[in-house]
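# What the coordinates show
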Amino acid sequence: MSTRTADKTRPDCQHWIGAERRHCREGEGVRLYLTGHRCPAHTPSALQGKPEPPTGPGWPAHRSQEET
């Protein structure tokens, strides 16, 4: 489930492509989500047709949006 490159092991996309009856196995740009490792084409947002959320820390629980 992983690709070896220059003594580094990186994860592959684990998205199941049902029509093709196989896993994606893309190795570029893979990130870990709750549903497993996903390439940019198979992130939860991409599968829903939504843009990716911006990166960075989440909104602190002690702040409200009115404070900005």
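A few points on the structure. Because the structure is a prediction, the values reported are computed rather than measured.

Rules of the game
Residues numbered from 1 in each chain as written. Predicted model: local features only at pLDDT ≥ 70, side-chain atom pairs only at ≥ 80, totals over all residues. Heavy atoms only, no water. Helix = DSSP H or I, 4+ residues; strand = E, 2+ residues; numbered from the N terminus. Buried < 20%, exposed > 50% of the residue type's maximum accessible area, 1.4 Å probe, protein only. Contact = heavy atoms within 4.5 Å. Areas by Shrake-Rupley, 256 points an atom, 1.4 Å probe, with all protein chains shown as cover. Salt bridge = Lys/Arg side-chain N within 4 Å of Asp/Glu carboxyl O.

Let us now look at the overall build of the protein. What the protein contains, in helices and strands, is one helix and six strands. Here the protein holds 68 residues, and the buried ones make up 21% of them. Sequence-distant contacts, at least 24 apart, represent 15% of the contacts inside the protein between residues at least 6 apart. Counting only carbon and sulfur atoms, one obtains 53% of the accessible surface of the protein, whose full area is about 5600 Å².

So, about the pattern of salt bridges. Applying the stated criterion across every chain yields a total of two salt bridges. We note a salt bridge from Arg 10 to Glu 28, for which the minimum N-O separation is 3.7 Å. Placement of Arg 10 in strand E2 (residues 8-11) and of Glu 28 in the loop between strand E4 (22-23) and strand E5 (31-33) is noted, with a sequence separation of 18 residues between them. A relative accessible area of 28% places Arg 10 in the partly exposed class.

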